[in-house]
Amino acid sequence: NQELEMNTFAEYLEELCRQHPAIRHKGDDDCHFTSSTDDSASRFASRMHYPCVIHDSGDFAFHAAGGTTAVTYENLILFLDHVSDTGNNREIHDVLTRTRKLSMQFMKKFARDKKKLRYAFLNRFSADGSEGHRVTFKDAGLWGWALFIATDEPFTDLDCDNVFTD
């Protein structure tokens, strides 16, 4: 069982989508994953297969952390599935149950891989403070869960790029 070289959270998520038996992402031909870091994300939107996982990141906030300052970066992971009848409450409930289960399976995998020190980008991952919220895109017939995961990094005021001369 050879480990794949993954340097980013988006690459990691895409690989998990390939491995998960309910998702089975295969890339362009059978797309079940897209990320805001992927140049072709808009191209995939019209050809997405379900269930699917969508990743977005970028929001951040500064806060005090034990006498220093930290930066918290937000990752959003959507677990979505399509319903054929947007008025069928039973079908919607089933989709929400399935996609909630998917989000929990992914969170458990993140936590296990962090414990194994498998990927450096998971070092600052914590399930503590992460949140899951139901989401609906009724016009597209999509229901599921939005998982918000925050990662903290120390903030430093060093100007490594020498942009400003002090």
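Residues numbered from 1 in each chain as written. Predicted model: local features only at pLDDT ≥ 70, side-chain atom pairs only at ≥ 80, totals over all residues. Heavy atoms only, no water.

Caption draft 1: Local environment of the nonpolar core. Judged by nonpolar contacts, the single largest core of 20 residues is most densely connected at Tyr12, Val53, Ile77, Phe106 and Phe110. Looking at this core, the elements with two or more residues in it are helix H1 (9-19), strand S3 (68-82), helix H3 (89-115) and strand S5 (142-154). Here this core gets 5 residues from one element, more than from any other, and that element is H1. With 8 residues, the next largest nonpolar core counts Met48, Cys52, Leu78 and Leu80 among its residues. (Core = buried A, V, L, I, M, F, W, Y, C linked by side-chain atoms within 4.5 Å. Buried < 20%, exposed > 50% of the residue type's maximum accessible area, 1.4 Å probe, protein only. Helix = DSSP H or I, 4+ residues; strand = E, 2+ residues; numbered from the N terminus.)

Caption draft 2: Spotlight on the pattern of salt bridges. In total, this model carries 6 salt bridges according to the counting rule given. With a closest N to O distance of 3.3 Å, Asp94 and Arg90 form a salt bridge. Here the residue Asp94 and the residue Arg90 both occupy positions in helix H3, the gap between them amounting to 4 residues, near one helical turn. Accessibility expressed as a relative area gives 54% for Arg90, which makes it exposed. (Salt bridge = Lys/Arg side-chain N within 4 Å of Asp/Glu carboxyl O.)

Caption draft 3: Main features of the sheet that holds S3. Taking strand neighbours across the sheet as the criterion, the 5 strands line up as S1-S2-S3-S5-S4 in an open arrangement whose pairing is mixed. Since the sheet does not close on itself, it has two edges, and those belong to strand S1 (33-35) and strand S4 (131-137), each with one partner. For this sheet, the mean inter-axis angle between neighbouring strands, taken without regard to orientation, is 30°. As paired strands, S4 and S5 are joined by 7 bridges and run antiparallel to one another. What sits directly across from Thr136, in S5, is Trp143. Packed onto the sheet, H1 meets S1, strand S2 (52-65) and S3 and runs at close to 175° relative to S1. Lying over the sheet, H3 contacts S2, S3, S4 and S5, oriented at roughly 20° with respect to S5. (Pairing = 2+ DSSP bridges. Axes fitted to C-alpha atoms, helices over the stretch in contact; angles between N-to-C directions. Contact = heavy atoms within 4.5 Å.)

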